[in-house]
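Summary of structural features
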Amino acid sequence: MKKMFAVLLALCMVLTCLTMASAEEKTYHVGILQLVQHEALDAATKGFRDALTEKLGDKVVFDEQNASGDTASCAMIANGFVAAEVDLIMANATPALQAAVSATADIPILGTSISHYGTALEISDWKGYTEINVSGTSDLAPLDGQANMIVELFPEAKTVALLYCSAEANSAYQIGVVKAELEAKGITCKEYAFTDSNDVASMAQQATECDVLYIPTDNTAAAYSETIANVVVPAKVPVIAGEEGICRGCGAATLTISYYDLGYKTGEMAYEILVNGADVSTMPIAFAPQFTKKYNAAICEALGITVPDDYIPMD
């Protein structure tokens, strides 16, 4: 009996060693679907890659693809990842996440640069995790803080234009929150929604009838921030932006996060799923660890804006 037990124990140890060796030798294939190329999303993707590469070295292989702002391309890329049987999909921006979710209910998906997952995935009973094959990180900065920034920098402002892309669900969510915050302070808000890049300039031009513009973390606005700047700066209308990339292009100030750090956190979550078997469906959505008040020195100088001492100039 003892001899049989010893044999079984030896077999168990051999199987354990083989399993561990197999895990160490495994190469993980990760698909990266990024909606469009711009500063914030690029930084998030880099952070994600860096985190996984630091932890896995050459045991991780990336297939990184950019949809160039086209939702149909997002769907095609996501379906390609599913056909290739990747081990995990990282979806950078809301339309990328939505395409990945439509493509697979089995492969783990991690989103990043997503403002609100409940809104993006139409989950009405939001619990902080999805209960499906999705988790990730949120780039949502404190929206009440951004509303307060408008009042702090422009106390005489009577009207605020809310400029955003109507095709981006998370942009509409942010606009709703900021609008409620500003209206509670007695400020009149007007929405100027563009449907795609073709009407960004025309809607920005209409928005200059207001005292201040607010632009949320919106991917189309980020990709065309210089187009917006060419309208609002000559009109002497300042912009408060939802994130640093948009602010760098056309804004005066922002309450922002580090998208690199956000992507890095997403990479750490991917490691837990791939290597340690973490359950993506119950993994809580993670947020940026800190937020920073920053200002665009060139635009502030052009518009004669003086910022408080606790604002940091952008590089």
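What comes next concerns the included structure. (Residues numbered from 1 in each chain as written. Predicted model: local features only at pLDDT ≥ 70, side-chain atom pairs only at ≥ 80, totals over all residues. Heavy atoms only, no water.)

1. Things to note about the sheet that holds strand β7 (residues 188-194)
The condition is simple: Each pair of strands is called paired provided DSSP finds at least two bridges between the two strands. Per the convention used, a helix needs a DSSP run of H or I reaching at least four residues, while a strand needs a run of E reaching at least two, with both numbered from the N terminus. Between two residues, a contact is recorded if the distance between any of their heavy atoms is within 4.5 Å. Only the stretch in contact is used when fitting a helix axis, every axis being a line fitted to C-alpha atoms; angles between N-to-C directions are given from 0 to 180 degrees.
Sheet architecture is open: 7 strands sit in the order β7-β6-β8-β9-β10-β12-β13, paired in mixed fashion. Strand pairing shows two members of the sheet lacking a second neighbour, β7 and β13 (312-313), which therefore form its edges. Strand direction decides the pairing type here: strand β10 (residues 253-256) and strand β12 (residues 292-295), joined by 4 bridges, are antiparallel. Of the residues in β12, the one forming a bridge with Thr256 is Thr292. Those strands touched by helix α6 (residues 143-153) are β6 (159-165), β8 (212-215), β9 (239-241), β10 and β12, and its axis lies near 155° from that of β10. Along the sheet, helix α8 (residues 200-207) makes contact with β6, β7 and β8, crossing β7 at roughly 165°.

2. Comments concerning the layout of surface pockets
Formally: In this analysis a 1.4 Å probe is tested at points of a 1 Å grid over the protein atoms alone, and where it fits but cannot get out there is a cavity; an open set with protein on both sides within 12 Å along at least five of seven lines is a pocket; lining residues have an atom within 4 Å of a point. Grid points are joined across faces, edges and corners, and a volume is the space filled by probe spheres set on the points. Charged residues are taken to be Asp, Glu, Lys and Arg, nonpolar residues to be Ala, Val, Leu, Ile, Met, Phe, Trp, Tyr, Cys and Pro, and polar residues to be all remaining types, Gly included.
Empty space within the largest pocket amounts to approximately 340 Å³. If you go around the largest pocket, you meet 20 residues; those closest to its centre are Leu35, Gly69, Asp70, Glu168 and Thr220. For the lining of the largest pocket, the secondary structure elements donating two or more residues are α4 (94-103) and α9 (219-223). Counted by class, the lining of the largest pocket contains 8 nonpolar, 9 polar and 3 charged residues. Approximately 230 Å³ is the volume found for the second largest pocket. Lining the second largest pocket are 16 residues, and of these Glu244, Ile257, Ser258, Tyr259 and Lys294 lie nearest its centre. The set of elements that each furnish at least two residues to the lining of the second largest pocket consists of α2 (39-56), α11 (244-250), α12 (259-274) and β12. Per-element tally for the lining of the second largest pocket: the top contributor is α2, with 3 residues.

3. A word on the environment of Ala204
Among the secondary structure elements, Ala204 is positioned in helix α8. Residues Ala204 and Tyr192, 12 residues apart in the sequence, show an inter-C-alpha distance of 7.6 Å. Those residues in contact with Ala204, other than ones at most four positions away along the chain, are Leu163, Ile228 and Val231.

4. Remarks on empty space enclosed by the protein
Taken as a whole and judged by the stated rule, the model has 2 cavities of 30 Å³ or more. In this structure, the largest cavity spans a volume of roughly 60 Å³. Lining the largest cavity, in full, are His38, Ala40, Leu41, Ser113, Asp139, Thr217, Asp218, Asn219, Ala222, Glu243 and Tyr259. Contributions of two or more residues to the lining of the largest cavity are made by α2 and α9. Its residues assigned to classes, the lining of the largest cavity shows 4 nonpolar, 4 polar and 3 charged.

In short, the description is geometric, and any link to function would need to be established separately.
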